[in-house]
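Letter by letter, the chains look like this.
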Amino acid sequence: MRVIVYTGKGGTGKSTISCATGIKAAEQGRDVLVISSDPAHTLMELFEVNIGPKPTKISDHLWAVQVDPIQEVREKYGVIQEYVAAVFKAKGLEETLAYELASLPNMTPFLSLLKVVDYFEEGGYDALILDTVPSGEALKNLYLPSLFGSISRKILRLAGSLVGAAKLMEPIVKIPAPSKEVIRADLKLLEKLEKLKAILTDPKTSSLRLVANPDFFSLSNLRRAYMTASLYNVNVDLAVINKVIPDEVVDPYFEEWRRSQAKYLAEAEVAFYPLPIKKVRLYRGELRGLDMLKTCGGELFGDEDPLKVYYEGRPFRLEVTEEGMELVVKTPFLDKERCEVERVGEELMIKVDTEVGEVRSFIPLPSIAYCMRLDRAKLIEGELHIYFAREFS
Ligand SMILES: Nc1ncnc2c1ncn2[C@@H]1O[C@H](COP(=O)(O)OP(=O)(O)O)[C@@H](O)[C@H]1O
Ligand SMILES: [Mg+2]
């Protein structure tokens, strides 16, 4: 089974592109489930049919489901949340605030990711397509099990056998002891996270796809997602630049838009190298309904299989040593070109003198680099090696 996740800033067209991908794959006879956790019931708006929390048939080979975050929290995380909230309350926090704090960060996108595990294990589809999710932040949650992994399991199991003792301590430490049920729920969540991680880090199964518009904010948001995913071993296979003003628009009113879009498209080619990039035009009106989505699917994929793995590889590699860190980035630049690397806040700016003039590219820095200084950089066989040194103060 394939799992395809579209990510990008809100409003760039993730839901639209997910549905178009689903429709295209279904036309080719593959059974596809489009999953959404958008609170705004986007799928219903796009497909123009009622879609509930159980897979609803849209057309031949195509199903869609709207994940209900509240129900999911109750089912999967409710017990833990109750417990965490009880701990905060015991510490004197007001109840509403205690519940607020007890919610996991990025809960909604995260729950729809967990839902993937359920449908993956149930089987029956050729592909799951997720229309929302992972900001790099949500992806980070996947690393929790591998960070704490076996340690947290052992602690939890141990805690399970100590529940009786903890109950005795309760009046003394004034913190409610976790019940067996809480610990069981914790373990189940960890297990699910581990399964999810296995699914998402298998490049033959899962692909993360980037959706942006040719504008500054959606592109810079996506550069970070691209790097984060790569560092977390999630394979990114395609970038889609949506809402490109087509050539036929010659109205002088849009002149400036066309000029800036052309610039951002060129930047995208560098920023998302070596991913294939697909462009989708800005339609005359809001892209909605099966017919328009079908047209969009055709424009995107033509005769191709939309479920294929478009690219497999690691565009960013990171090696941390005692002295510092080496970041290796695949670039479209050649060795003979002169390149300069400069640090601008949380990003690296790479300036390369090419035959067509100076090209600038920005790379977001991983958090570990925040306490290091940029040392030097060099191009070796199409890869940019950037060295950082630890700051000793
Ligand atoms: N290429 C396009 N041309 C015209 N409208 C589009 C296009 N792509 C998306 N839209 C519209 O933009 C809005 C946001 O799209 P949506 O897929 O919901 O974004 P996201 O899921 O990223 O938040 C919707 O109203 C959609 O119909
Ligand atoms: Mg959406």
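Parameters and conventions
- Residue numbers here run from 1 along each chain, matching the order of that chain's written sequence.
- The naming scheme follows written order: chains are lettered A onward, ligands numbered 1 onward.
- The predicted origin of the model limits local features to residues at a pLDDT of at least 70 and limits the giving and counting of side-chain atom pairs to 80 or more, whereas totals for whole chains, interfaces and linings rest on all residues.
- Values reported for side chains reflect all heavy atoms of the structure, with hydrogen atoms and water molecules removed beforehand.
- Here a cavity means grid points, on a 1 Å grid over the protein atoms only, where a 1.4 Å probe fits yet cannot get out; a pocket means an open set of points with protein on both sides within 12 Å along at least five of seven lines; lining residues are those with an atom within 4 Å of a point.
- Grid points are joined across faces, edges and corners, and a volume is the space filled by probe spheres set on the points.
- Numbering of helices and strands runs from the N terminus, with a helix taken as a DSSP run of H or I at least four residues long and a strand as a DSSP run of E at least two residues long.
- Whether a residue is near a molecule or strand depends on its heavy atoms: it is near if one of them lies within 4 Å of it.
- Think of a polar contact as two N or O atoms within 3.5 Å of one another; within protein, one of them needs to be a possible hydrogen donor and the other a possible acceptor, and neighboring residues in sequence only count if both atoms come from side chains.
- Each accessible area value is a Shrake-Rupley result obtained with a 1.4 Å probe; residue values ignore everything except the protein chains displayed when judging cover.
- Molecules are considered to sit inside a cavity or pocket once more than half of their atoms lie within 2 Å of its grid points.
- For a helix, the expected span equals 1.5 Å multiplied by the residue count minus one.
- The rule is simple: take the accessible area with a 1.4 Å probe, protein chains only, and divide by the maximum for that residue type; under 20% is buried, over 50% is exposed, in between is partly exposed.
- Angles here are taken between N-to-C directions and fall from 0 to 180 degrees, while the axes themselves are lines fitted to C-alpha atoms, restricted in helices to the stretch in contact.
- Each angle gets one of four labels, with under 35 degrees taken as roughly parallel, over 145 as roughly antiparallel, 65 to 115 as roughly perpendicular, and the rest as oblique.
- Throughout, a contact is declared for two residues whenever any of their heavy atoms are within 4.5 Å.
- For this scheme, ten residues count as nonpolar: Ala, Val, Leu, Ile, Met, Phe, Trp, Tyr, Cys and Pro. Four count as charged, namely Asp, Glu, Lys and Arg, and the remainder, Gly too, count as polar.
- At least two bridges found by DSSP between two strands is the condition for calling them paired.
- pLDDT measures the predictor's confidence residue by residue and takes values from 0 up to 100.
- In this document the domain limits rely on a domain assignment from an automatic tool or a database.
- The nonpolar core is taken to be a set of buried Ala, Val, Leu, Ile, Met, Phe, Trp, Tyr and Cys residues, with the residues joined through side-chain atoms within 4.5 Å.

Participant: Mind showing me how you'd approach the layout of surface pockets here?
Facilitator: A water-sized probe, rolled over the atoms, reveals where empty space remains. As a volume, the largest pocket reaches approximately 480 Å³. Around the largest pocket sit 20 residues that line it, and Gly11, Gly13, Thr16, Leu46 and Lys243 are the ones nearest its centre. Looking at the lining of the largest pocket, the elements with two or more residues in it are α1 (14-27), α2 (42-47) and β7 (236-244).

Participant: In this structure, what is going on with the site of ligand 1? I would like to understand it.
Facilitator: Not every one of the 18 residues close to ligand 1 is listed here, only the nearest: Gly11, Lys14, Ser15, Thr16 and Glu286. Serine 15 is positioned with one of its side-chain polar atoms (N or O) 2.8 Å from an oxygen atom of ligand 1. Between ligand 1 and lysine 243 there is a distance of 3.1 Å, counted from an oxygen atom to a side-chain nitrogen or oxygen. Surface burial for ligand 1 is 85%, taken as the share of its 560 Å² of free accessible area covered by protein chains. Taken atom by atom, the bulk of ligand 1 overlaps the largest pocket. For the shell around ligand 1, the elements supplying multiple residues, two or more each, are α1, β7 and β8 (277-281).

Participant: When you look at α1 in this model, what are you seeing that I'm missing?
Facilitator: Since the α-helix turns once every 3.6 residues, residues separated by three or four places project in the same direction. With 14 residues, α1 should reach 20 Å at 1.5 Å per residue; the first-to-last C-alpha distance of 20 Å fits that figure. Burial within α1 is extensive, with 13 of its 14 residues counted as buried. The positive-phi residue at the C-terminal boundary of α1 is glycine 29, with phi of around 90°.

Participant: Can you help me understand the packing of helix α10 (residues 216-231) against helix α11 (residues 255-271) in this one?
Facilitator: How two helices sit against one another is set out by the angle between their axes and by the gap between those axes. Two numbers describe how α10 lies on α11: the axes approach to 11 Å, and their chain directions differ by 5°. With respect to α11, the axis of α10 lies roughly parallel. Where α10 abuts α11, its residues Phe216, Leu219, Arg223 and Tyr226 lie against Tyr264, Ala268 and Ala271. Here the residues of the contact of α10 with α11 sort into 6 nonpolar, no polar and 1 charged.

Participant: I tried to follow the pairing of strand β3 (residues 56-59) on my own but got confused; where do I start?
Facilitator: Along a regular strand, successive side chains alternate from one face of the sheet to the other. Both β3 and strand β4 (residues 62-66) contribute to a ladder of 3 bridges, which runs antiparallel. The residue bridging serine 59 from the neighbouring strand is leucine 62, located in β4. Count of turn residues in the β3/β4 antiparallel hairpin: 2 residues, of which histidine 61 carries a positive phi of about 65°.

Participant: What exactly am I supposed to notice about the confidence of the model for the protein here?
Facilitator: Low-pLDDT stretches of the model should not have their predicted coordinates read in fine detail. Confidence in the prediction of the protein, expressed as mean pLDDT, is 82, and 80% of residues score 70 or more. Of all the helices and strands in the protein, helix α7 (residues 143-161) carries the lowest mean pLDDT, 54, while β7 carries the highest, 97.

Participant: Is there a simple way to explain empty space enclosed by the protein in this structure?
Facilitator: Following the criterion strictly, the structure yields 4 cavities of 30 Å³ or more and no others. When its volume is computed, the largest cavity comes out at roughly 140 Å³. As for the largest cavity, its lining consists of 17 residues, and the residues nearest its centre are Val270, Ala271, Val329, Ser361 and Ile363. Mapped onto the lining of the largest cavity, the elements with two or more residues apiece are α10, α11, β10 (324-330) and β13 (357-364). With 4 residues, β13 is the largest single contributor of residues to the lining of the largest cavity. Here the residues of the lining of the largest cavity are counted per class, giving 13 nonpolar, 2 polar and 2 charged. When residues are assigned to domains, the lining of the largest cavity turns out to be shared by domain 1 (1-313) and domain 2 (316-390), each giving three or more.

Participant: Please explain the nonpolar core as it appears in this structure.
Facilitator: Here is a general trend for soluble globular proteins: nonpolar side chains tend to be buried in one another's company. One finds Ile35, Leu128, Leu210, Ile241, Phe272, Leu275 and Phe388 to be the most contacted residues of the largest nonpolar core, which totals 62 residues. Residues lining this core come from more than one domain, with at least three contributed by each of domain 1 (1-313) and domain 2 (316-390). Those residues within four positions of leucine 275 in sequence are excluded, and the remaining contacts are Leu210, Tyr226, Val236, Asp237, Leu238, Ala239 and Tyr311. Among the nonpolar cores identified, the runner-up in size contains 31 residues, and Tyr6, Val34, Tyr283 and Leu287 belong to it.

Participant: Just to check I follow, could you spell out the sheet that holds strand β9 (residues 316-320) for this structure?
Facilitator: The strands that make up a sheet are held in pairs by hydrogen bonds between backbone atoms, and each pair lies either parallel or antiparallel. Strands sit in the order β9-β10-β15-β14 across an open sheet of 4 strands; the sheet is antiparallel. A single partner strand is all that each edge strand has here, and the edge strands are β9 and β14 (372-380). For this sheet, the mean inter-axis angle between neighbouring strands, taken without regard to orientation, is 15°. Of the pairings in the sheet, the one linking β10 to strand β15 (residues 383-390) comprises 7 bridges and is antiparallel in character. Across the sheet, residue valine 328 finds its bridge partner in β15, namely histidine 385.

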